[in-house]
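What follows is each chain in one-letter form.
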2 protein chains.
Amino acid sequence: MAGERKVTITAIAREAGVSVPTVSRVVNGRSDVAPETRAKVEELLRHHGYRRRVQPHGDRAALLDLVFNDLDSPWAVEIIRGVEEVAHASGVGTVVSAIHDRAGAARQWMTNLRARASDGVIMVTSVLEPLLHKELTRLGVPIVVVDPAGGTAIAAPTVGATNWAGGMAATEHLLELGHRRIGFIAGPPRLLCSRARHDGYRAALEAAGVPVEEELTVPGDFYHESGFHGCRRLMELADPPTAVFAASDQMAMGAIEALRQCGLRVPQDVSVVGFDDLPEMRWVAPPLTTVRQPLAEMGKVAARTVLRQARGEEIDSPRVELATELVVRASTARRP
Amino acid sequence: MAGERKVTITAIAREAGVSVPTVSRVVNGRSDVAPETRAKVEELLRHHGYRRRVQPHGDRAALLDLVFNDLDSPWAVEIIRGVEEVAHASGVGTVVSAIHDRAGAARQWMTNLRARASDGVIMVTSVLEPLLHKELTRLGVPIVVVDPAGGTAIAAPTVGATNWAGGMAATEHLLELGHRRIGFIAGPPRLLCSRARHDGYRAALEAAGVPVEEELTVPGDFYHESGFHGCRRLMELADPPTAVFAASDQMAMGAIEALRQCGLRVPQDVSVVGFDDLPEMRWVAPPLTTVRQPLAEMGKVAARTVLRQARGEEIDSPRVELATELVVRASTARRP
């Protein structure tokens, strides 16, 4: 018998003294196996580091599970688009689910996943629920995390974006337009991506010899309303900024609405930069200058990674960050 | 043997003189069946009107296929959300695909669908490709079309929205605010939904005794740029309108950008109403008054319908239209 990555179901069946279909049933998470038999087979699968393989030429089509906490974000469709493109080309179906951060929904999803014998899981989250992770590992289902927010310590391969470089690029763009007082509406501090964007903002100011003033940073939570209130606070300062960098497009939209209500024009009076480049940002008035997160590409990389794992291949790196890119549109202009 | 809707695989196998697994293989679209056997079994399946059933308690998990032409629309995630919610609750996985209106991609998808033995298909389209439809019918896979645009003659159950009533509600809202010269930026005339929205606009004007003036209607294609150019044309009229109803949110965004470039304020100088209520429309500046299409609910109805068909149950109606709803936000105001 070859090295552990090549262990077969037949070998496991021989060692366990059961039939090949029985091992298959255990591997596929089916329920019609006696508990002691299941325990014995699972022990051997673990021992040999067995991983279920995608079977492109078998009689069952391969499936990938793509799991979101919620399907309410305009992000979601971009990630789905990337995953679907890669999976489709490999003849693999993309099963999309939402588990709503609720234990019940996650359990139901796990049951469904076992029943459909999914070949791999892509989770879009910053927090990989330990119980889910354990159960997927037990089933030998490979997992990859698409993590736009940059979670701290996820014990699975992750795909993210270069948040620090994006924060720096947005701020440099405003500096080049002559702005010196640049407001920053931050994201939630518990997310690494918020901190990275904030550090990128500070690094650009420091590199340009512009002092970092604490009053120019206001808190936000990535949602529209916090951008609205944050921008109002900035405009009420004795010496208000001439430009605002919001750490998400939604907050940038809130900031623009606040400026509109103050009678200030974007970009003639105040410039605004966002972060994400949601598809709609090219249509808003004015079209938004923002930092593009390559969400579809992140989905593609995640799909390729999980399919490689499912085929038992090595992956390149446990964490990949794809480049963000400044997209200049009409919401920024030279300092008035 | 009972009526044709109750014919079983066992009965078909007996009549064809083949084994039950062989019939199963044909039903599930697998390739390991001799051509003559397949032809004979398929003939009998057709003759008896056999439909494959969802097997919630079987050893294989049920799957639904949700198919878009493209996954580039902000609509898509709303429909996915609705379908997923209903499917998930039934333990059914939602496989999301895009076929890009390309024959090659559609064939690949069909191959994948057969291989994964999907239990039902929801297509989001205004045009049901006849070859695909024929092939799905041959496989006995039920199909439901989510058709926001209102296709003419789709030979499958469809779920749409009340476009005429929505056009009427948008126009009535502007009339109630005192507007009398109301511009209309139309959708593509080949789509029924465009005609229905236009007719709703005209009906509201006529009911209010306001003359319908041809110069106040400009053509569009639902995309941003056509809204921009259409609104420019309206503003160049000798007596420009004080309000604009655009037949899509994207065109409404384009109209607002055109007004911004003309130095006109929304809603102080010109009111704007859209159609769709994409999720982002509540964040734009100003938040958009628009007609809500219940896309998630349309997805839910489609999922329930296809699951009922898959269980061999009757459906209520071949065409269901869900109510649109006017959502009043900040882009409309009393006539100046």
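Residues numbered from 1 in each chain as written. Chains lettered and ligands numbered in written order. Predicted model: local features only at pLDDT ≥ 70, side-chain atom pairs only at ≥ 80, totals over all residues. Heavy atoms only, no water.

> Even after reading the chapter, I still don't get the pairing of strand β2 (residues 93-98) of chain A, so can you show me in this structure?
Successive residues of a regular strand alternate their side chains across the two faces of the sheet. All names here are of chain A. Among the six residues that make up β2, six are buried, leaving the element largely enclosed by the rest of the structure. Neither face of β2 is exposed, since G93, V95 and S97 on one face and T94, V96 and A98 on the opposite face are all buried. Judged from the six bridges that link them, strand β1 (residues 63-68) and β2 form a sheet pairing that is parallel. The residue bridging F68 from the neighbouring strand is A98, located in β2. For the handedness criterion, the β-α-β arrangement of β1, helix α4 (residues 74-89) and β2 is classed as right-handed. (Buried < 20%, exposed > 50% of the residue type's maximum accessible area, 1.4 Å probe, protein only. Helix = DSSP H or I, 4+ residues; strand = E, 2+ residues; numbered from the N terminus. Pairing = 2+ DSSP bridges. Right-handed = clockwise from strand over helix to strand, strands pointing away.)

> Would you mind showing me how to read the packing of aromatic side chains here?
Each aromatic ring pair is characterised by the separation of its centres together with the angle its planes make. Residue and element names in this part refer to chain A. In this structure the tally under the stated criterion is four aromatic pairs over all chains. Ring geometry for F184 versus F245: centroids 5.3 Å apart, planes at 55 degrees, classification tilted. You can see F184 sitting in strand β6 (residues 182-185) and its partner F245 sitting in strand β8 (residues 243-246), a full 61 residues away along the chain. On the accessibility criterion, F245 (0% relative accessible area) is buried. Taken together, the aromatic side chains of F184, Y201 and F245 make up a single cluster linked through ring pairs. (Phe/Tyr/Trp six-rings, centres within 6.5 Å; stacked < 30°, edge-to-face > 60°.)

> Mind showing me how you'd approach the interface of chain B and chain A here?
Many descriptions give the size of an interface as the accessible area lost when the pieces come together. Counting residues at the interface gives 46 residues for chain B and 47 residues for chain A. The largest share of the area that chain B buries against chain A comes from L71(B), H88(B) and W283(B), three residues that together contribute 18% of it. One can count zero salt bridges joining chain B with chain A. Here chain B is connected to chain A by eight residue pairs in polar contact (both at pLDDT 80 or more). Of all the secondary structure elements, the ones that give two or more residues to the side of chain B that touches chain A are α4 (75-89), β2 (93-98), α5 (103-116) and α10 (249-261) of chain B. Of the residues that constitute the side of chain B that touches chain A, the class distribution is 25 nonpolar, ten polar and eleven charged. (Contact = heavy atoms within 4.5 Å. Buried area = accessible area lost by both parts, 1.4 Å probe. Salt bridge = Lys/Arg side-chain N within 4 Å of Asp/Glu carboxyl O. Polar contact = N/O pair within 3.5 Å; in protein donor to acceptor, adjacent residues only side chain to side chain. Nonpolar A, V, L, I, M, F, W, Y, C, P; charged D, E, K, R; others polar.)

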